[in-house]
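Structural description and commentary
Chain by chain, the residues:
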Amino acid sequence: MMKKITTIVIIAAVAVLIMIGFRSVVGRRQEGIFYAMGGIPVRVVAYDRTKGDFESDLREVESCVDRLENIFSRHRADSDVARLNAMGEGCTGDASPALIDLLRKSQRWSEKTGGAFDVTVGPVVSLWKDAAKMGRVPTEDDLAVARERVGMERLRIVDDNICLERSGMSIDLGAIAKGAIIDEAVSVLRRNGVVRGIVDAGGDVAAFGDGEFRIGIQDPRDRKKLMGTISIEEGGVVTSGDYERYAAIGGRRYSHIIDPRTGEPADELVSVTVVGPDAADADALATAISVMGREEGIEFLKEMPSFQAIIAWREADDSLNVWRSEGLAASSFSP
Ligand code: ADP
Ligand code: MG
């Protein structure tokens, strides 16, 4: 009898020791950071990961982000998009599948939003940027010329060819690429066997795995503060209308988000946060709603049940007002 008890005690002790050992191998929450996409901090979190495995996860995420920037960024001289824009009228063969996928996704969002989202808006975006540098708004003539060069129907994709059908056209993926890149970072982590984690690029977030995630929503008046926190299940949370990114001309602020239908900067909303199944779609939709404005945006959201939003605007007396979808229950948002 005594011998049996001793054996049980020994087995139990060994089991506990194995479990303790196992815990230190399995690891806990890991977190790392690097800078990309024009110097924004990219924070990567993985749960239940050893330090060693996480170090290689982080390196792989960083090189994935860099690889995609080399495709999507119009600011990198030899990126696929920069070369496409430099080409003028014509077709590129051999386009990267990642670019074709993102352009097709962009075409779908352009159709759905009646042209509020349009990645061919490049010429008008550049015009306003140049105007800000010179300190005066663009002339009507310049705007008319730039607007002539915008139009999703003039971007055609046939097999692995991307064709721009008018000279002077340019593609700007600034409103969807960051979301797409953090989604791809999540795929890298999943492929590596991470079961739960977060990729946060300067406040735009993709989270994956079981359970809830608490995500802070930036206060548009003060980036260092939070306007509230929301609880979400896995998916993307992306904010458009970064309050610090605007052009000042003659004492007036002009948003970097352009209404492609008029060529004018969107000026009604202060910020739009969209929560959805993935970050690329949330990114596109956040920009589109910024263009649509409050009424059209809220109406549009009713037809998109898998997305939720928080919309902030300024009242006539300059106070900030916030609307949020019913799906983001009061309990999950505390301003
Ligand atoms: P943020 O830069 O605050 O994350 P967005 O995701 O809305 O905001 O992206 C804005 C960028 O997208 C602009 O800087 C410009 O390059 C491009 N852009 C501006 N207006 C549009 C539009 N209507 N549709 C698609 N892209 C746009
Ligand atoms: Mg966007």
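Below: a short report on this structure. (Residues numbered from 1 in each chain as written. Chains lettered and ligands numbered in written order. Predicted model: local features only at pLDDT ≥ 70, side-chain atom pairs only at ≥ 80, totals over all residues. Heavy atoms only, no water.)

**Examining the overall build of the chain**
Counted only if it meets this: Strands are runs of DSSP state E lasting at least 2 residues, helices are runs of H or I lasting at least 4, and numbering of each runs from the N terminus. Note on classification: 1.4 Å probe, protein chains only; a residue is buried when its accessible area is under 20% of the maximum for its type, exposed when over 50%, partly exposed between these limits. Should any heavy atoms of two residues lie within 4.5 Å, those residues are counted as being in contact. Method for areas: the Shrake-Rupley scheme with a 1.4 Å probe, in which residue coverage is limited to the protein chains shown.
Looking only at helices and strands, the chain has 9 helices and 17 strands in total. Taken across its 335 residues, the chain has 48% of its residues classed as buried. Within the chain, residue pairs in contact and separated by at least 24 positions form 58% of the contacts whose partners lie at least 6 positions apart. Of the roughly 17100 Å² that the chain leaves accessible, carbon and sulfur atoms contribute 52%.

**Things to note about the side chain of S73**
Stated formally: What qualifies as a polar contact is a pair of N or O atoms within 3.5 Å, subject to a donor-acceptor requirement within protein and to the restriction that residues adjacent in sequence count only when both atoms come from side chains.
Within the secondary structure layout, S73 lies in the loop between α2 (51–72) and α3 (80–87). A relative accessible area of 15% means that S73 is categorised as buried. A distance of 3.4 Å separates a polar atom in the side chain of S73 from the backbone nitrogen of R76.

**Side note on the coordination of the magnesium ion (ligand 2)**
Convention followed: Coordination partners: N, O, S within 2.8 Å of the metal, 3.2 Å for Na, K and Ca; water not considered, so apparent gaps in a site are possible.
Those protein atoms acting as donors to the magnesium ion (ligand 2) are A175 (O), D283 (O), D283 (OD) and T287 (OG1), and they sit at 2.0 to 2.5 Å. Ordering the donors of the magnesium ion (ligand 2) by residue number gives the pattern A-x107-D-x3-T. With A175 in the loop between β5 (161–164) and α7 (177–191) and T287 in helix α8 (residues 279–292), this residue pair connects regions lying 112 residues apart in the sequence. The class of A175 is buried, set by a relative accessible area of 18%.

**Focus on the packing of aromatic side chains**
Worth spelling out the cut-off: The criterion for an aromatic pair is that two Phe, Tyr or Trp rings (for Trp, the six-membered ring) have centres within 6.5 Å, with stacked assigned to planes under 30 degrees apart, edge-to-face to planes over 60 apart and tilted to the rest. When the NZ atom of lysine or the CZ atom of arginine is within 6 Å of a ring's centre and also within 35 degrees of its normal, the charge is said to sit over that ring.
By the definition in use, this model includes 2 aromatic pairs. Ring plane angle 80° and centroid distance 5.8 Å describe the contact between W109 and F307, whose orientation is recorded as edge-to-face. A residue pair is termed long-range when its members are at least 10 positions apart, and W109 in helix α4 (residues 97–112) and F307 in the loop between α9 (294–302) and β16 (308–314) qualify at 198 residues. Over the aromatic face of F213 sits the side chain of R196, whose NZ or CZ is 4.2 Å from the ring centroid.

**Examining the pairing of β5**
Applied cut-off: What makes two strands pair is DSSP finding at least two bridges between them.
Here 3 bridges tie strand β3 (residues 90–92) to β5, and the two strands are oriented antiparallel to one another. Among the inter-strand pairings, T92 is bridged to a residue of β5, identified as I162. With 4 bridges joining them, strand β4 (residues 155–158) and β5 adopt antiparallel strand pairing. When the sheet's bridge partners are listed, V158 is paired in β5 with N161. Linking β4 to β5, which pair antiparallel, is a turn of 2 residues; within it D159 sits at a positive phi near 50°.

**Topic: α4**
Cut-off, in case you're wondering: Here, expected helix span is obtained from the residue count minus one, scaled by 1.5 Å.
Taking 1.5 Å of rise per residue, 16 residues should cover 22 Å, and α4 covers 23 Å from first to last C-alpha, within 8% of that figure. Those residues of α4 that fall on the buried side of the exposure criterion are L99, I100, L102, L103, K105, S106, Q107, W109 and S110. Where α4 is buried, its residues touch α2, α3, β4, β5, α7 and α8. With its phi angle positive at about 60°, G114 sits one or two positions after the end of α4.

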